[in-house]
Amino acid sequence: MKLWQVDIRSADGQPDALGADAATSARELGIADSLHMLGIHGFLLQGDLDDQRVREIATSYLADPIAQQSMTGAVGDSAWSDPHTVGLAKGTVIHVLFKPGGMDPVAQSTLAMLRSLSYRVDEVRTFRKYWIDPSRSSNIDPSVIDRLSKKILANASIEQVVVGP
């Protein structure tokens with residue numbers, strides 16, 4: 001039984017609404033005047049799966065092959081914390097997940113769909129991930145990241161934030 005991660009982001013040339021919306025909100029709320037973020041949504045899949053099956057799930061069922069691109073791998077792989085994998089020289093990553101035990105309707109419907117397709121999946125969780133590009137952002141320090149996380153990226157009553165890998 002292995003835990004897999006699927007990251008889904010906009011394809012090259014497609015708009016990144018998740019990242020752009022967060023950056024716009026930060027500017028409008030006076031948290032950061034100049035902020036460039038890359039937004040990613042994704043899935044954690046636990047089950048009797050191998051790398052090929054996870055790639056198949058990602059490309060066939062979770063990502064739109066025209067507007068999105070996906071990246072798959074085992075949780076804990078060093079690529080997940082490497083900004084080069086998303087085209088940045090360096091950056092800070094912020095993860096937002098539903099708190100354990102909370103409702104995650106997208107995860108529940110994804111689990112039901114994958115099981116109906118005979119994939120041996122035991123659990124699914126969703127997340128959002130934001131990469132802050134320091135070369136295109138100004139004055140990004142830990143206090144800004146904390147305010148950004150609390151005011152824009154997550155709802156503290158139902159979500160948890162993890163800054164870093």
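Scroll up a little and you will see the structure.
Bear in mind that the values here come from a model prediction, so they are computed numbers and not experimental data.

A. Highlighting the environment of aspartate 82. With respect to the element layout, aspartate 82 can be found in the loop between β3 (68–74) and β4 (92–98). Spatially, the C-alpha atom of aspartate 82 lies 8.9 Å from that of proline 165, the residues being 83 residues apart in sequence. Polar contacts involving the side chain of aspartate 82 include one to the side chain of histidine 84, which spans 2.9 Å.

B. Spatial organisation of the pairing of strand β2 (residues 37–47). Most of β2 sits out of view: 9 of its 11 residues are buried. The sheet contact formed by strand β1 (residues 2–10) and β2 spans 7 bridges and is antiparallel. The residue of β2 that forms the bridge with glutamine 5 is leucine 44. Two strands pair when backbone bridges link them, and β2 and strand β5 (residues 121–132) are joined in this way by 11 bridges, in the antiparallel orientation. Considered in β5, the bridge of isoleucine 40 is made with lysine 129.

C. Molecular detail of the packing of aromatic side chains. Summed over all chains, the structure comprises 1 aromatic pair. When the ring of tyrosine 61 is compared with that of tyrosine 119, the centres are 6.1 Å apart and the planes differ by 75°; the resulting orientation is edge-to-face. Taken together, the positions of tyrosine 61 in helix α2 (residues 51–62) and tyrosine 119 in the loop between α3 (105–116) and β5 put the pair 58 residues apart, joining distant regions of the chain.

D. Representation of the side chain of threonine 126 in the model. Its location among the elements puts threonine 126 in strand β5. Look at threonine 126 and you get buried, because its relative accessible area is 11%. Of note is the side chain of threonine 126, whose polar atom sits 2.8 Å from the side chain of aspartate 104. Non-local contacts of threonine 126, meaning those with residues more than four positions away in its chain, are made with Gly42, Phe43, Leu97, Phe98, Asp104, Val106 and Ala107.

E. Layout of the layout of surface pockets. Space inside the largest pocket adds up to approximately 280 Å³. Of all the secondary structure elements, the ones that give two or more residues to the lining of the largest pocket are β1, β4, β5 and β6 (159–163). Broken down by element, the residue count for the lining of the largest pocket peaks at 3 residues, all from β5. Counted by class, the lining of the largest pocket contains 8 nonpolar, 5 polar and 3 charged residues. Here the second largest pocket is characterised by a volume of approximately 170 Å³. Around the second largest pocket sit Phe98, Lys99, Pro100, Gly101, Gly102, Asp104, Ala107, Gln108, Leu111, Glu123, Val124 and Arg125, which together line it. Within the residue set of the lining of the second largest pocket, elements represented by two or more residues are α3 and β5. The class makeup of the residues in the lining of the second largest pocket is 5 nonpolar, 3 polar and 4 charged.

Cut-offs applied
Residues numbered from 1 in each chain as written. Predicted model: local features only at pLDDT ≥ 70, side-chain atom pairs only at ≥ 80, totals over all residues. Heavy atoms only, no water. Helix = DSSP H or I, 4+ residues; strand = E, 2+ residues; numbered from the N terminus. Polar contact = N/O pair within 3.5 Å; in protein donor to acceptor, adjacent residues only side chain to side chain. Buried < 20%, exposed > 50% of the residue type's maximum accessible area, 1.4 Å probe, protein only. Pairing = 2+ DSSP bridges. Phe/Tyr/Trp six-rings, centres within 6.5 Å; stacked < 30°, edge-to-face > 60°. Contact = heavy atoms within 4.5 Å. 1 Å grid on protein atoms, 1.4 Å probe; cavity = no way out; pocket = protein on both sides within 12 Å on 5 of 7 lines; lining within 4 Å. Points joined across faces, edges and corners; volume = space filled by probe spheres on them. Nonpolar A, V, L, I, M, F, W, Y, C, P; charged D, E, K, R; others polar.

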